[in-house]
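The primary structure of each chain is shown beneath.
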Amino acid sequence: MRSFLPHYSLVAPSSLPEVLALLGMSPPRRPFAGGTDLMVLLEAGTLPEGGYVGLWHLQELRGIKDSGEAIEIGALTTYTEIASHPLLQADWPLLCRAAEETGGVATQNRGTIGGNIANASPAADTPPALIAYDAELEIVSTRGTRRVPYDRFHTGYKQMDLGADELIARIHLPKRPGSWRQYYRKVGTRRAQAIAKVCMAVACDINADGVVDDIRIALGSVSPTVVRARAAEAALRGHGLTDATITAAEAALEREIAPIDDIRSTARYRLRVARALLREALRL
Amino acid sequence: MSDAAPCTIRFVVNGRAVDVDAHPMARLLDVLRVELGLTGTKEGCGEGECGACSVLVNGELVNSCLTPVLQAAGATITTIEGIAGADATLSALQQAFIEHGGAQCGICTPGMIIAATSLLARHPDPTEAEVRTGLAGNLCRCTGYMRIFEAVMKAAAR
């Protein structure tokens, strides 16, 4: 059943300090960005009642810039802006791929990367790419600013290292030396507009001798949170990409993920696809 | 809470400036249909999956079912009622949908036309792949899509 609107409020102060002040009040108001997730809950009658703070118009949290050591993405940057940005297309293409495979054009025009992170769905499309890129979150509140490595941000199903008074302000993507092989694939029922059954992002640095110097592997839809596959990474780091190494990495991956049966897929299918995606990524 | 009360939100729709009194979290879809009588915009799924409620906000394609009306404050909005010319001349897209059988039951058609209008504004000479991507968020249960894609390609060629 639809939610009863008089049980909600939505205000949109004009500056970030005013927003943070409202988030810090008791009871805290919740942030409301593009609305592509929260409005679905409102219609379904499951949006928590209470006060919300609209963020959509806050220009200071929007846009992509090069800070020298990193690329900074404002949390309100939309999928459309991410998918079409030349800096990201050149060096962070997995994020562009993830953005253009999230929903259709209308969703991409309103959905924001900060919202995608804070919605904390284990099936979200951009988080695996962010983990593959060692992203860090810049989190702000009236108490100050702090940084959290993104691969440690999600602490359980829909749980995260974010206080009620805090807001994700920016995502930092550190620049990496050398050339990394990159891979992203989302497997869903349909190419457009589908939620992932399994999604994988891999960034891999292979030296001149064919040995894996460093690697990041991240998956969506196979665990209570988007996860970094550290055991599979460890099975590959320092090794050449032989059949035996890849098989060992697949086995490690299978042990560290915990997919479930749900409306979109089965645990068995997800395990099999996760292994196949890893093999495909490593054989590129 | 006092801010849960309706507020006055001002925007321009199809060239006309309007003031509406609405709850700030009300769906733009409902404000257009119920407050402004613009019933050409349809509700399909109500959860951003089907695109039937597509409108243009400052030229950008959005699902009006997922847009709280507060986000429309100060914006310029185009609905299906604003696509034809002032003398009711159909746009090239609308004409092509008629000629190529791009509409059957009609529920998805306003959203399809709006999404295709947005697509042609960004890609005046689209490939078929761009047409498919541009309309990926709009579901049709009648036509099988081929005639819709054909209509958009033909309209672009005009």
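Remember, it's a predicted structure, so these values are computed and weren't measured experimentally.

**Structural notes on the pairing of strand β6 (residues 136-141) of chain A**
Residues and elements named next belong to chain A.
Here is step 1: Examined bridge by bridge, β6 and strand β7 (residues 144-149) share six bridges and lie antiparallel to one another. By the bridge assignment, I139 is partnered in β7 with R146.
Here is step 2: Linking two consecutive strands that pair antiparallel, namely β6 and β7, is a turn of two residues.
Here is step 3: Relative to strand β10 (residues 167-174), β6 runs antiparallel, the two being bridged by five bridges. What sits directly across from L137, in β10, is I171.

**Observations concerning unusual backbone geometry**
Here is step 1: Looking along the chain, the bond that leaves A:S26 and enters A:P27 is cis, with omega of -5°.
Here is step 2: Looking at where A:P27 falls in the secondary structure, it is placed in the loop between α1 (16-23) and β2 (30-32).
Here is step 3: In this structure, A:S221 is a non-glycine residue whose phi angle is positive, near 70°.
Here is step 4: Positionally, A:S221 belongs in the loop between β13 (212-220) and β14 (227-228).
Here is step 5: Using a count of 30 C-beta atoms within 10 Å as the deciding quantity, one classes A:S221 as buried.
Here is step 6: For B:N58, which is not glycine, the phi dihedral falls at a positive 50°.
Here is step 7: Note that B:N58 resides in the loop between β3 (54-57) and β4 (60-63).

**Overview of the sheet that holds strand β2 (residues 16-22) of chain B**
Residues and elements named next belong to chain B.
Here is step 1: A sheet is described by the order of its strands in space; here five strands give the open sequence β2-β1-β5-β3-β4, paired in mixed fashion. Unpaired on one side and paired on the other, β2 and β4 mark the two borders of the sheet. Averaged over all pairs of adjacent strands, the angle between strand axes in this sheet comes to 40°, irrespective of strand direction.
Here is step 2: The pairing of strand β1 (residues 7-13) with strand β5 (residues 76-78) spans two bridges and is classified as parallel. For V12, the partnering residue across the bridge sits in β5 and is T76.
Here is step 3: In the packing of helix α3 (residues 109-122) onto the sheet, the strands contacted are β3 and β4, and the crossing angle to β3 comes to about 35°.

**A short note on the sheet that holds β6(A)**
Residue and element names in this part refer to chain A.
Here is step 1: Pairing is antiparallel in the open sheet, where five strands are placed in the order β4-β5-β10-β6-β7. In this open sheet, the two strands that pair with only one neighbour each are β4 (64-66) and β7. When the angles between neighbouring strand axes are averaged without regard to direction, this sheet yields 25°.
Here is step 2: Across three bridges, β4 lies against strand β5 (residues 70-74) in antiparallel orientation. Pairing of K65 across the sheet is with E72, part of β5.

**Here we look at the pairing of β4(B)**
Here is step 1: Alignment of β3(B) against β4(B), held across four bridges, turns out to be antiparallel. Across the sheet, residue B:L56 finds its bridge partner in β4(B), namely B:L61.

**Some details on helix α2 (residues 92-99) of chain B**
Residue and element names in this part refer to chain B.
Here is step 1: Among the residues making up α2, those that are buried are L93, Q94, A96 and F97. The buried side chains of α2 occupy one side of the element, clustering within an arc of 165° when seen end-on.
Here is step 2: Those residues of α2 that are buried lie in contact with α3 and α5 (146-157).
Here is step 3: Residue G101 follows α2 closely and has a positive phi angle near 70°.

**Details of the interface of chain A and chain B**
Here is step 1: The interface of chain A with chain B comprises 25 residues on the first partner and 29 residues on the second.
Here is step 2: For the side of chain A that touches chain B, the secondary-structure elements that each account for two or more residues are β1 (8-11), α2 (38-44), β3 (50-54) and α6 (105-110) of chain A.
Here is step 3: Ranked by residues supplied to the side of chain A that touches chain B, first place goes to α6(A) with five residues.
Here is step 4: Classifying every residue of the side of chain A that touches chain B gives 13 nonpolar, 10 polar and two charged.

**Some words on the packing of α2(B) against α3(B)**
Residues and elements named next belong to chain B.
Here is step 1: Where α2 contacts α3, the axes come no closer than 10 Å and their chain directions differ by 130°. Between α2 and α3, the angle is such that the two are oblique. For the pair α2 and α3, the crossing hand works out as right-handed. Counting all contacts with α2, which are made through L93, Q94 and F97, the residues of α3 involved are T109, I113, A116, T117 and L120.
Here is step 2: Residues of the contact of α2 with α3, tallied by class, amount to five nonpolar, three polar and no charged.

**Some details on the packing of α2(B) against α5(B)**
All names here are of chain B.
Here is step 1: Taken N-terminus to C-terminus, the directions of α2 and α5 make an angle of 135°; their axes are 8 Å apart at the nearest point. One element, α2, and the other, α5, form an angle in the oblique class. Relative to α5, α2 is oriented so that their crossing is right-handed. On α5, the residues that touch A92, L93, A96 and F97 of α2 are A151, V152, K154 and A155.
Here is step 2: When the residues that make up the contact of α2 with α5 are grouped by side-chain class, the tally is seven nonpolar, no polar and one charged.

**Some points on α3(B)**
Here is step 1: With 14 residues, α3(B) extends 20 Å between its outermost C-alpha atoms, agreeing within 8% with the 20 Å of an ideal straight helix rising 1.5 Å per residue.
Here is step 2: Burial of α3(B) is extensive: 12 of the 14 residues sit out of reach of the surface.
Here is step 3: For α3(B), the set of buried residues is B:T109, B:P110, B:G111, B:M112, B:I113, B:I114, B:A115, B:A116, B:T117, B:S118, B:L119 and B:L120.
Here is step 4: Where α3(B) is buried, its residues meet α6 of chain A together with β3, β4, α2, α4 (128-134) and α5 of chain B.

Parameters at a glance
Residues numbered from 1 in each chain as written. Chains lettered and ligands numbered in written order. Predicted model: local features only at pLDDT ≥ 70, side-chain atom pairs only at ≥ 80, totals over all residues. Pairing = 2+ DSSP bridges. Helix = DSSP H or I, 4+ residues; strand = E, 2+ residues; numbered from the N terminus. Buried ≥ 20, exposed ≤ 12 C-beta atoms within 10 Å, placed from the backbone. Axes fitted to C-alpha atoms, helices over the stretch in contact; angles between N-to-C directions. Contact = placed C-beta atoms within 7 Å. Arc of directions from axis to C-beta. Nonpolar A, V, L, I, M, F, W, Y, C, P; charged D, E, K, R; others polar. Parallel < 35°, antiparallel > 145°, perpendicular 65-115°, else oblique. Left-handed = near helix turned anticlockwise from the far one by under 90°. Expected span 1.5 Å × (residues − 1).

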